Amino acid sequence: MARLKTVPFEPPAIPLPDRVVALLDDADERIDNFQFEHRDTPVAAFVPSDFVLAYQSLAAIASLNLAPGRRFMEWGSGVGVVTCLAAMLGYDAIGIEIEDDLVDVSRELASDHAVDAEFVAGSFVPLDEVDLFDLTGDFNWVRTDAVSAYDELDLEPDDFDVVYCYPWPGEEALSEELFAHCCATGSLLLSYHGRDGMRLRRRM
């Protein structure tokens, strides 16, 4: 049975390049606009993470060569900010998001800032892993009621070196279990936990 090992990790508070600052400022405005436009029908579990900390964490992973490669995937990419940041740091970055409207915003953000990132609409849970979840439960972060995004990508979770996610409180174990079941040995799971910051795990 695969297990996850915690990687001691304290990313330094490096300054942000001007290009990154411009993207984050623009993303904040787009997020505000999106939430206002959907105020009567809010998207469940759409809560932006700490983008500055995400950038600093991904930069540290790259500079320290902690990952076996540079292929990056974000589970539940929202408006695509973290995936764009990963691409700006030199990762081959793909974001998977189940909400079509958010995928549209992501693609526009990447295009407007000349970021080479890919976004796919669908579920990040592979079809053969759906049984991991009690689908009668009230999950906010994990949804499987869409086609698998991996079919469009012609890739599998074990093709990626770094996976990023922001699980809903109380659902952290689900992301870890999914990662342990379907990602490659040696790959990294970077997850954001609100006030507790980032957690970095390696699949053994």
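Since we're looking at a predicted model, the values are computed, not measured.

1. Observations concerning the nonpolar core
Here is step 1: Counting residues in hydrophobic clusters, the biggest one holds 47 residues, and the most contacted among them are Leu-23, Leu-58, Ile-61, Phe-72, Val-81, Leu-85 and Tyr-91.
Here is step 2: For this core, the secondary-structure elements that each account for two or more residues are helix H1 (18-37), helix H2 (51-63), helix H3 (81-88), helix H4 (100-112), strand E5 (162-165), strand E6 (188-192) and strand E7 (198-203).
Here is step 3: A per-element tally of this core places H2 first, with 9 residues.
Here is step 4: Judged by nonpolar contacts, the second largest core, of 21 residues, contains Tyr-150, Cys-165, Leu-178 and Cys-183.

2. Overview of H1
Here is step 1: Taking 1.5 Å of rise per residue, the 20 residues of H1 would be expected to cover 28 Å, and the 29 Å separating its terminal C-alpha atoms lies within 8% of that figure.
Here is step 2: Of the positions making up H1, those classed as buried are Val-20, Leu-23, Leu-24, Asp-26, Ala-27, Arg-30, Ile-31 and Phe-34.
Here is step 3: The inward-facing, buried residues of H1 abut H2, H3 and H4.

3. With respect to unusual backbone geometry
Here is step 1: Of note in the backbone geometry, Asn-65 takes a positive phi value of approximately 55 degrees without being a glycine.
Here is step 2: Take Asn-65: its relative accessible area is 62%, and that puts it in the exposed class.
Here is step 3: Even without being glycine, Asp-154 reaches a positive phi, approximately 55 degrees.
Here is step 4: Along the chain, Asp-154 turns up in the loop between helix H5 (149-153) and E5.

4. With respect to the pattern of salt bridges
Here is step 1: One pass over the structure, following the stated rule, counts 5 salt bridges.
Here is step 2: When the shortest N-O distance is used, the salt bridge between Asp-112 and Arg-30 registers 2.7 Å. With Asp-112 in helix H4 and Arg-30 in helix H1, this pair connects stretches of sequence that are 82 residues apart.
Here is step 3: Judged by its relative accessible area of 18%, Arg-30 falls in the buried class.
Here is step 4: A salt bridge links Glu-176 to Arg-199, with the shortest nitrogen-to-oxygen separation between them at 3.1 Å. Of this pair, Glu-176 sits in helix H6 (residues 172-182) while Arg-199 sits in strand E7, and the two are 23 residues apart along the sequence.
Here is step 5: Where salt bridges share partners, they join Asp-26, Arg-30 and Asp-112 into one cluster.

5. Focus: the sheet that holds E5
Here is step 1: The 7 strands lie next to each other as E1-E7-E6-E5-E2-E3-E4, forming an open sheet whose pairing is mixed. Of all the strands in the sheet, the pair left with one neighbour each is strand E1 (4-6) and strand E4 (118-121). Across the sheet, the mean angle from the axis of one strand to that of its neighbour is 25 degrees, orientation sign disregarded.
Here is step 2: In this fold H4 packs onto strand E3 (92-97) and E4, with an angle of close to 170 degrees to the strand it touches most, E4.

6. Quick word on H2
Here is step 1: Along its 13 residues, H2 runs 18 Å from first to last C-alpha, staying within 8% of the 18 Å computed at 1.5 Å per residue.
Here is step 2: Buried residues dominate H2, accounting for 11 of its 13 residues.
Here is step 3: Buried residues along H2 sit in contact with H1, strand E2 (71-75), H3, E5, E6 and E7.
Here is step 4: Among the residues of H2, the N-terminal cap falls to Asp-50, whose side-chain oxygen and the backbone nitrogen of Val-52 are separated by 3.3 Å.
Here is step 5: Immediately beyond the C-terminal end of H2, within one or two residues, lies Asn-65, with a positive phi of roughly 55 degrees.

About the cut-offs
- Residues numbered from 1 in each chain as written.
- Predicted model: local features only at pLDDT ≥ 70, side-chain atom pairs only at ≥ 80, totals over all residues.
- Heavy atoms only, no water.
- Core = buried A, V, L, I, M, F, W, Y, C linked by side-chain atoms within 4.5 Å.
- Buried < 20%, exposed > 50% of the residue type's maximum accessible area, 1.4 Å probe, protein only.
- Helix = DSSP H or I, 4+ residues; strand = E, 2+ residues; numbered from the N terminus.
- Expected span 1.5 Å × (residues − 1).
- Contact = heavy atoms within 4.5 Å.
- Salt bridge = Lys/Arg side-chain N within 4 Å of Asp/Glu carboxyl O.
- Pairing = 2+ DSSP bridges.
- Axes fitted to C-alpha atoms, helices over the stretch in contact; angles between N-to-C directions.
- Polar contact = N/O pair within 3.5 Å; in protein donor to acceptor, adjacent residues only side chain to side chain.

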